[in-house]
Every structure is written in structure tokens, then in C-alpha cells.
Amino acid sequence: MDIVIRNGSIVDGSGRPAYIGDIGISAGRIHQVGHVSAQGATEIDATGKTVSPGFIDPHTHFDAQLLWDGAAKPAIEHGVTTIVPGNCSLSLAPLKAADRMKLVGMFNQIEEMPLVAFEQGVTWNWETFDEFVSRIQQDLTINVAPLVGHSVLRLWVMGQAATERTATATETAEMQSLLRQCLDAGAIGLSTSFVDMDEKLQPVPSRYADHAELDALCAVLAEYNRILQVVHEFYDIDLTIGRIDQLAELSLTHKITTTLSPLFINRGDFEGVDRVIARIVEQNAAGARVWPQVQTRPIDISFSFAVPSLLFIRLRGWYRVMRFGTPATIMAAFQDEAQRQQLVQEATSMMPLWSTLILRQVQTEANQQYVGKTLAEIAELRGTDALNAMIDLSLEESLDAHFISADMGHNDDDKVGSMLRHPHVMIGASDGGAHILSFSTYGDTGYLLGHFVRDKQLLSMEEAIKKITSDTADIWAIPDRGLLKSGYIADITIFDANTIDRGPEYYVQDVPGDGHRYVRDAIGVETVIIGGAVAYDHLLGYSDEHRGQVIGAPQR
Amino acid sequence: MIKVRKSIHPSATDTWESIAARALAATPLDEGVASLQSWNLHVFSRAPAVPGSPRAGNPILPSDLIFVEPPLLAQ
């Protein structure tokens, strides 16, 4: 045996009760589960630890990061062994050279990936999906099950017209053909968006597609038994239900699986969420396959004035200043008395929100005294209001003052827990690798197993593990993964059930171009095995093994 | 079965007027348009397509869902 894991509490991903046993690994696959008498070249003592299949994260935007970091750090440290990038109509392939900057702009606008990271971290040496797969396979530690984005298909086939009109019959047929090429090259499905805006704050290309075009692309998904992912109007219950019905129709017509994300569960609208779930249950009872994705973590958003935050998206004046400005012009806008007055006026109605924001980070010594205080508290100390305190601090810090709006929603443990448990709900929507300057998208699985399983006891360990391993693999048609079972690929996470959690969020400078992002360290995850080799050990860090695969791609 | 608000997928060339004429045929056109707009604030509040584009002046996108009846609470 290459590796033998001994005496662990085996939670095998099936939902069946845990038991004490060994796992033998040979040639990248699980060879034996139960009692293993053979010695392993590497022996791992898992006494007192939980051994589970590697976690699968079905909603990520690691597309760009995979070009400079084949481990998608820090996903693996949190026990994740397979990620699904390419969600929400955006993938990095297929992509003609002429459209590169358009797509970079969309990733920047929608997923908040800094432009400089693309400039300094990406060598553009692909156009087709197959070439992109070859490119990321060169240095892959984590497994990747990539979606192909609908907006990108439209750009390839229609060029500029992709953001202006519906497709002709010829163009639709070309998109079908292109989708087939992507699925042949390893795409696990198609993603589309009904809500996103591009770098010019215009609707993304997929929003110019009519239902007939989407239907035609789903016919191709049916040929391959692949999935459709959509990001829908998640802020509105009736629209969400309308999209569920649309997905159910596509699912029933083409016999495909569909998923929509995210579904947030906010206080004040539990009745609406219950209607959404009731509709899902009805449609699935009728034979459709529609899976809403629910994230585990509560919503919080951090920001500075230096980048356009989601928090300002409804304040058009503010958002335009931040979206299209440079640090100098943003500073100038708030230093100009007349413009500042206009901006203050626009944002005054949101004073209750500004008052609750917490100053989380500054650079100057003089303002350290305010860190950890709410803007209401700081305003009182400074004899102003919360909004002006936020602007003043930002100017004093040359825009390097960071604020957090904590616990904004999706934070009722009992209700969220009941949704995470629900048999018609998929746990997902982490957005891993996206919004890197707004919040940390890492550690959702640790939060599930620490907070909801251990602390709140709203799910059993076996239920929760099944939800993020074999259920996800089944829904996404990912073969040979998600179970600790003889013959399955050895993607395995070993963790301490007594301590597993997500660590505190912090700001780190590790993005190409000296860029920053918010991350969280894992707590309690000890060893992560991918493709039969140790990819990460909590004491030794990352290994040199690169056993990650693009699932569905021909193995090279 | 839960009650679901009735909606349509617009065609590529649909406008408020063409949808009102089709979906609210028994209602005077201007009233129908006003009703549709009030039931679809997610579309009505959106900036229309820019001048010079094939959809200039029209905020409705081909991928939209357009409600053709009021919110359930108002019914």
C-alpha cells in the first residue's frame, strides 16, 4: 500500500453511522476499507480523528487563481479536494484573444478579482476550452470540475453583438457546437446568469439570450448528461420561484440536472424561503431535478473606499466614483466640498447601516484608537455622524481604512440549519476565490462541521459529510468520488471533530501584483489526500504532489 | 400546490406595449403598460439599452421573467 490510514472514525460519505477502521490506498485509489493488514509506505495514525471523503465545493470562481496557484489556496487546507469554477456564466474559456480584456473586466466587476492580478499573474496562452484545460493541468493539486460560461460562449460566437441581442438560428447552432467541444474537453456543465452586470454596468451577454437559446444549449447538456447552473434574482422570492419553474421545465424537457445559487435565508422572510422550498419539492416530486444551493456562513462584507464594494451597488453616485475612479480621483471626489455633499446626501438614508459598521483596520497610529469600534461610537468621539466619520477616516488613511458590515443576514442558526439539512437543498454557494476584497470565501465546510454539527447539533456529522461529499458528487455527476469505498479515487480529509472550524478572517498580501485578499485559516483539519497522495499536512504544509485532475477531461 | 405568480418569457422584440397587448388584452393599452411596469420594478427601474444598440430605449431583456399579474399579497 502507498498509504494506510489507521484507527480513524470513518464517516464514509454515505450517511451511514461512523465506525472505527483503516483505509488502504494504492495507485491513487482506495484499495481497502475496514481492517487493513498490509503495511503502507506511509502510515497515518488517525486515532481519535475523523476520516471522510474530501469535500466538494460546487460554487467557486477560482478560474483565474488556478493559473498561478494550482492548489487554489487555502481551499485544500479546509479539506476541500474538488472545486467547481466557471459559475454564473463566466469561465476563462473558450476565449478569443480579442475578448480577453472584456472578460477580465467582467471578472473584475462581478467577482472582484483585481485587474492587476490578471496583468501580473496570467500568461494568456489559450483560446479553446481544451487549451485552457491543458494549461491548468500542468500544475494542479486540487481537482477541478469546470463549468463553461454561457456569456463566454456568446462572446466567442457573436462578438460585440453578444451584449446587444438574441442569437440567430445559425449563431445558436454554433454555440451548441462550441458547447459540445467544451464538454468533450472536460466541462462538467454550463453556467448562466440572470442578474450580473459587466464592466460597463451593462447586463452580461447571457442576459441577452432568450429562453429558446437556453433551451437549445440544454439540449446539448442532455446529450452529455451534464448540469445547468444559474445565478438568479436571489433578492426576490417571486422571481426565484419563477426561475425554479423555468429550470424545472428545462430539467423535465431535457432530463438534465439544474441548480440555482445562492438561496439566502434572511430574518423577516422565512415565509418566502418556505415557499421557495415548497416549490422545489413540488417540482422535484413531478420529476424535475432542481437544486437550490445554500451557503453555511452568515453574510458579512468588508470594504475600503479603494475598490467598488457590493455594499455601494445601490448608491449609483458612490458606486460610479469607486468603480471607474483611481485612488486619486476617489480621494478628490470626497475632498471636493460640493461633490462630497452630493455623495453624503445620496447615502444619508442608509445611516442606520453606516452606524453599525465597524472599523477593522487602519494604517496610521493616530487612528488605531478607533479600530474595533462602530462608526456610531467613532462619530460620537469625533463630534460628527457615522457617514462623515467613514469618509473622514478614509481620507485620513488615503483610502486604506477598512470597515466591516458584520452579520448582515443568513444568520438564524435554526432556520439556516434546517435548510442545510433539507433533502432538497445542496450545500454550496461558497463563491470560493471571488469577492476577495469583500469577505473570505474559505472555511464554509469548517463552519458547517464546527458550528452547525458540533456546537449547535442541528445536523449529525454523517448527514453533514454526506451533503458535502457523495450528495454533491451525485448531483454533479462526478464519478468515483465522494465516498470512502474500495475502487474510489483516494480524495480524503482527516480532521479533529472536536476542534474543526474556520479561523478568524484576516487580510493577506498574496495576490499577483502585490494584491490583497481576505482569507481564513482552517482549524482542526490535519491531513488532506488528493489522488492518493498527501497534498496537505497541518504540520508540514503543502507537499510537492500534484495529483489534481480536471474531472471529465481526457487524462493526459 | 403553492400559488405561483404568473409570468412570461419575453420574446426578442417584446416591449411593455407588446406584452400588455398580448397578456392583458382586455385592459386599455396604457393601463396595461402601467400595470406591467408596476408589477416588474426589477425591469422598470433598470436603465434602458443605450441609444444606437438594437434594443435602444427598451429595458426588457430577452432573459427576463415578466410578471403579468400583481404580487400575490395584492390579489
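As annotated in an unreviewed UniProt entry, chain A carries the name Amidohydrolase family protein and comes from SAR86 cluster bacterium.

(A) View of the overall build of chain A. Within chain A, the regular secondary structure consists of 18 helices and 23 strands. For 556 residues, the compact-globule estimate of 2.2 N^0.38 gives 24 Å, and the C-alpha radius of gyration of chain A, at 24 Å, lies within 12% of that figure. Oriented by its inertia axes, the alpha-carbon framework of chain A measures out at about 75 × 60 × 50 Å. Taken over 556 residues, chain A has a buried fraction of 54%. Sequence separation of at least 24 residues holds for 75% of the intrachain contacts in chain A that already meet a minimum separation of 6.

(B) Region of interest: the interface of chain B and chain A. At the interface, 18 residues of chain B touch 23 residues of chain A. Residue composition of the side of chain B that touches chain A, grouped by class: 10 nonpolar, 6 polar and 2 charged.

(C) Representation of the sheet that holds strand E14 (residues 299–303) of chain A. Residues and elements named next belong to chain A. Strand order in the open sheet formed by 3 strands is E14-E16-E15, with antiparallel pairing between adjacent strands. Looking at the sheet topology across the chains shown, the edges are occupied by E14 and strand E15 (358–361). Geometrically, the sheet is characterised by an average inter-axis angle of 35° between neighbouring strands, direction not taken into account. Pairing of E14 with strand E16 (residues 402–409), which is carried by 4 bridges, proceeds in the antiparallel orientation. Pairing of Ile-299 across the sheet is with Gly-409, part of E16.

(D) Fine view of the UniProt feature "domain: Amidohydrolase" (unreviewed entry) in chain A. Residue and element names in this part refer to chain A. Feature annotation in UniProt places "domain: Amidohydrolase" (unreviewed entry) on residues 43–226 and 372–536, given in this structure's numbering. Annotation note: span residues 43–226, helix share 37%, strand share 13%, distance between end C-alpha atoms 38 Å. Structurally, residues 372–536 is divided into 32% helix and 27% strand, and its ends, taken at the C-alpha atoms, are 34 Å apart.

(E) Looking closely at the nonpolar core. Residue and element names in this part refer to chain A. By size, the foremost hydrophobic cluster in this structure holds 157 residues, and its most contacted members are Ile-142, Val-144, Val-148, Leu-179 and Leu-448. It is helix H7 (residues 237–254) that contributes the most residues to this core, 7 residues altogether. Apart from residues lying up to four places away in sequence, Val-148 is in contact with Gly-86, Ser-91, Phe-129, Leu-153, Leu-179, Cys-182, Ala-187 and Leu-190. Residues Leu-311, Met-322, Ile-330 and Leu-357 belong to the second largest nonpolar core, which totals 27 residues.

Quick notes on the rules
- Residues numbered from 1 in each chain as written.
- Chains lettered and ligands numbered in written order.
- Predicted model: local features only at pLDDT ≥ 70, side-chain atom pairs only at ≥ 80, totals over all residues.
- Helix = DSSP H or I, 4+ residues; strand = E, 2+ residues; numbered from the N terminus.
- Rg over C-alpha atoms; globule rule 2.2 N^0.38 Å.
- Buried ≥ 20, exposed ≤ 12 C-beta atoms within 10 Å, placed from the backbone.
- Contact = placed C-beta atoms within 7 Å.
- Nonpolar A, V, L, I, M, F, W, Y, C, P; charged D, E, K, R; others polar.
- Pairing = 2+ DSSP bridges.
- Axes fitted to C-alpha atoms, helices over the stretch in contact; angles between N-to-C directions.
- UniProt positions renumbered as here; feature names shortened; annotations may be inferred.
- Core = buried A, V, L, I, M, F, W, Y, C linked by C-beta atoms within 7 Å.

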